[in-house]
Amino acid sequence: MAVDTQAPSRGFSGASYRTCPETGLKVCSQAEALIKVNAVVAVVFLAVGGFFGLLVALTRWPAVHLLPADWFYLLLTAHGADVLLFWIIFFEVAVLYFASAIILNCRLAAPKWAWLAFVLMVVGAVVANVAVLQGESSVMFTSYVPMQAAPHFYLGLIVFAVGALIAVFVFFGTLVIAKEEGSYEGSVPLVTFGAITAAIIAVFTIASGAIILIPTFLWSVGYISHIDPLMYKVIWWGMGHSSQQINVSAQVAIWYAVAAMLLGAKPLSEKVSRMAFLMYILFLQLASAHHLLVEPGVSSEWKIFNTSYALYLAVLGSMIHGMSIPGAMEAAQRRAGFNNGMFEWLRKAPWGNPAFSGVALSIVIFGFLGGITGVIMGTEQLNLIMHNTLYVPGHFHATVVGGTTLAFMAITYLVVPLIFRKEIMFKKIAQWQPYVFGAGISGVSLFMMGAGTLGVSRRHWDIGFSDAAMSFDYPATAFLMMGLNGISAILASLGGLMFVLVVVCSVFFGKARTPESIAASPTLPSTGTAETVTTYGSEKHPKLPGTVVLVTVFFVAFVLYYYVNWKYLSEVWPLS
Amino acid sequence: MSEQGTGSGGAPEERVPAMQRLLDNPFLLLFMGVASPAALYLLWGVMELSQIPIAQ
Ligand code: HEM
Ligand SMILES: [Cu+2]
């Protein structure tokens, strides 16, 4: 607290604030405390879950084959839950509080409820972990019935989801307060709009989860005799897939936020970017159907409408963001004088700042590795050549790890000095961290996809089939891929460890920021950039030759890879 | 809206375009964002499943 330029003041509604010396923003102390605790717990789950991921990858490396089968499935379940649910959602709650109370300059609605939400989420996450580690709940992340987990596994998830839902409503409540108290004029800033998108999708996600997990819990304790497996799959994926779309929305909001804070980048067009988010709100969740593309019992109309016609509108939304953010960066850099040639703006970007490099890598990995492969897999016909192979985890490690996790890591490098008000320790390690993690996880993604293309299935302990009744041999290249995947996993884990080390040490043992250290190394290049995040307004007269080239490269890659996969399909399944 | 506030003569109750009013209303968006997948994905999907004949 020693660094406050102003003592905390009391607002008219009884909330206390401080004024941020770096951004000039009014910071609600309750929002700040809640952002801190949610972010810290998120990082704990990332550390634990990431470690489990390493053990799983080392087991799938045939030459190492680390864990016995039962531990493999146990830790695979724990890995999925800890990273995809707990790390991501705790962090997202922090993002929601940031995008409402901090960006809109107002107090957080109902802080007591927000604390209750936090406690419920912690209790639920711990209970679910205990259930998995006790060994009776190795049902994988999807927990498909009729596999049955211990009752407290489902109960933990339900309690966690109730907490998350409360947090989402605290966010909506804060929007109402901001509007009533007039803390902003006109439309909310774009970053907040992205967070609204995430929160809306979260409501549908959690509702679907409740519809299916509550009966499944009752079934596990014996009150319900039967749950239809196909019904379970349809409704479960209403949650399982939609929750990935919360991630996408939150991650895109962070891309905009970091571009604005570090470069002063304004959206090229507020209208177009908001329409892109609207596409998410309306259509992104329908893509849940891609998990049922090989399921009998649902019609091709349902599958194709949901995964193609409707989804492509949402993909359009993503491509708009994917162009508009580099475009906004280019425009801002050119405004700042980096106007030579096609790419000076890109070369002279702050690549040594992990917040920037993390976001830049997140955009590239998400777009090229995650986005393109997602569209391929979501095409009903093409899906057949990789359904349930390692291609699937290969794809989603590019989206949810290379994309979302890396974006969350990137903004953490701004949250530590601005919200925790601590100096980042081990600056060199921090500088390298996004590159190490990004390279490692790109390898994990590519090599799992490579193995999947060769037919290696996901969630499989032994690709040598050593004790199978009928022997089967994968091509030798598949074994090579799994080895390279193991090596990449070690690199990614190293990148994860560097992140945890820097963040935990800085938060708990770092030096507090002082007016002198702020003056010597400001977090933001100028206070004006904070205003860019918190206000509505588009870039005027942008010129974007560099972005046009980058986008062209993306489309060429996309089209080529799409046709390669149709070619593949035609070879798997000759028609003549 | 920042463009709007600058002109001193601009009437404060200038009509906001319909699209912008939609985008400025989080609760309307919330309704649409829940109704769309609830109808097209969940309800439609569950209706198809409920039409599968039960094995004898
Ligand atoms: C050090 C970083 C990581 C490594 C090395 C890693 C590695 C792996 C491996 C090898 C698998 C098993 C694939 C299979 O056998 O089917 C897996 C599954 C999975 N990973 Fe990761 N992972 C990492 C980080 C993450 C993160 C950060 C997330 C989420 C944000 C994530 C989400 C998942 C999910 C959801 C599964 C599927 C679990 C299931 O099939 O039930 N991983 N990961
Ligand atoms: Cu999905």
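Chemist: Report on the packing of helix H8 (residues 270-283) of chain A against helix H9 (residues 300-335) of chain A, specifying residues and quantitative values.
Modeler: Residues and elements named next belong to chain A. Orientation of H8 relative to H9, taken along the N-to-C sense of each, is 150°, at an axis distance of 8 Å. One finds that H8 runs roughly antiparallel with respect to H9. The two elements H8 and H9 meet at a crossing, and its hand is left-handed. Each of Val272, Ser273, Ala276, Phe277, Met279, Tyr280 and Phe283 in H8 lies in contact with H9, whose residues at this interface are Ala310, Leu313, Ala314, Gly317, Ser318, Ile320, His321 and Ser324.

Chemist: Can you tell me about the coordination of the copper ion (ligand 2), naming the residues and giving the values?
Modeler: Residues and elements named next belong to chain A. Here the copper ion (ligand 2) is held by the protein donor atoms His241 (ND1), His290 (NE2) and His291 (NE2), which lie 1.9 to 2.1 Å from it. Motif for the copper ion (ligand 2), donor spacing along one chain: H-x48-H-H. Placement of the pair is His241 in the loop between helix H6 (229-240) and helix H7 (242-263) and His290 in the loop between H8 and H9, with a sequence separation of 49 residues. His241 gets classed as buried once you look at its relative accessible area, which sits at 5%.

Chemist: Break down the coordination of the iron atom of ligand 1 for me, with residues and values.
Modeler: Protein ligation of the iron atom of ligand 1 involves A:His79 (NE2) and A:His397 (NE2), the donor distances falling in the range 2.0 Å. Among the residues examined, A:His397 registers a relative accessible area of 14% and is labelled buried.

Chemist: Explain the packing of helix H13 (residues 391-420) of chain A against helix H15 (residues 476-509) of chain A residue by residue, including any values.
Modeler: Helix packing geometry: the angle between the two helix axes and the distance between the axes. All names here are of chain A. Closest axis-to-axis distance for the H13/H15 pair is 11 Å, and the angle between their directions is 5°. Looking at the two axes, H13 sits roughly parallel to H15. Contacts from Met409, Thr412, Tyr413, Val416 and Phe420 of H13 reach H15 at Gly496, Phe499, Val502, Val503, Ser506 and Val507.

Chemist: Outline the site of ligand 1, listing residues and values.
Modeler: Residues and elements named next belong to chain A. The full set close to ligand 1 counts 23 residues, and Arg60, His79, His397, Arg458 and Arg459 are the nearest of them. Residue His79 places a side-chain N or O atom 2.7 Å away from a nitrogen atom belonging to ligand 1. Measuring from a nitrogen atom of ligand 1, one finds a side-chain N or O atom of His397 at 2.7 Å. Taken together, the elements giving at least two residues each to the shell around ligand 1 come down to helix H1 (29-60), helix H2 (69-102), H13 and H15. Among the residues forming the shell around ligand 1, the class breakdown is 15 nonpolar, 5 polar and 3 charged. Residues from two domains meet in the shell around ligand 1; each of domain 1 (25-186) and domain 2 (352-465 + 472-516) gives at least three.

Chemist: So what about the interface of chain A and chain B? Which residues, and what values?
Modeler: Between chain A and chain B, the contact holds 37 residues from the first and 27 residues from the second. The contact between chain A and chain B buries some 2800 Å² in all, and 77% of this surface belongs to carbon and sulfur atoms. A per-residue breakdown of the area chain A buries against chain B is headed by A:Phe204, A:Trp302 and A:Tyr536, which together make up 18% of the total. In this structure, the connection of chain A to chain B is made through 0 salt bridges. Taken together, the connections running from chain A to chain B amount to 8 residue pairs in polar contact (both at pLDDT 80 or more). When contributions to the side of chain A that touches chain B are tallied by element, the ones reaching two or more residues are helix H4 (151-180), helix H5 (190-220), H6, H8 and H9 of chain A. Broken down by class, the residue content of the side of chain A that touches chain B amounts to 24 nonpolar, 10 polar and 3 charged.

Chemist: Describe the nonpolar core, and please don't skip the residues or the numbers.
Modeler: Residues and elements named next belong to chain A. In this structure, Phe86 and Phe90 are the most contacted members of the largest nonpolar core, which totals 213 residues. Here this core gets 24 residues from one element, more than from any other, and that element is H2. Three or more residues apiece are contributed to this core by two domains, here domain 1 (25-186) and domain 2 (352-465 + 472-516). Beyond its immediate sequence surroundings of up to four residues, Phe86 is in contact with Phe45, Ala81, Ala125, Ala128, Asn129, Leu157 and Phe160.

What counts as what
Residues numbered from 1 in each chain as written. Chains lettered and ligands numbered in written order. Predicted model: local features only at pLDDT ≥ 70, side-chain atom pairs only at ≥ 80, totals over all residues. Heavy atoms only, no water. Axes fitted to C-alpha atoms, helices over the stretch in contact; angles between N-to-C directions. Helix = DSSP H or I, 4+ residues; strand = E, 2+ residues; numbered from the N terminus. Parallel < 35°, antiparallel > 145°, perpendicular 65-115°, else oblique. Left-handed = near helix turned anticlockwise from the far one by under 90°. Contact = heavy atoms within 4.5 Å. Donors = N, O, S within 2.8 Å, 3.2 Å for Na, K, Ca; no water. Buried < 20%, exposed > 50% of the residue type's maximum accessible area, 1.4 Å probe, protein only. Near = heavy atom within 4 Å. Polar contact = N/O pair within 3.5 Å; in protein donor to acceptor, adjacent residues only side chain to side chain. Nonpolar A, V, L, I, M, F, W, Y, C, P; charged D, E, K, R; others polar. Domains from an automatic or database assignment. Buried area = accessible area lost by both parts, 1.4 Å probe. Salt bridge = Lys/Arg side-chain N within 4 Å of Asp/Glu carboxyl O. Core = buried A, V, L, I, M, F, W, Y, C linked by side-chain atoms within 4.5 Å.

Geometry only, nothing functional implied.
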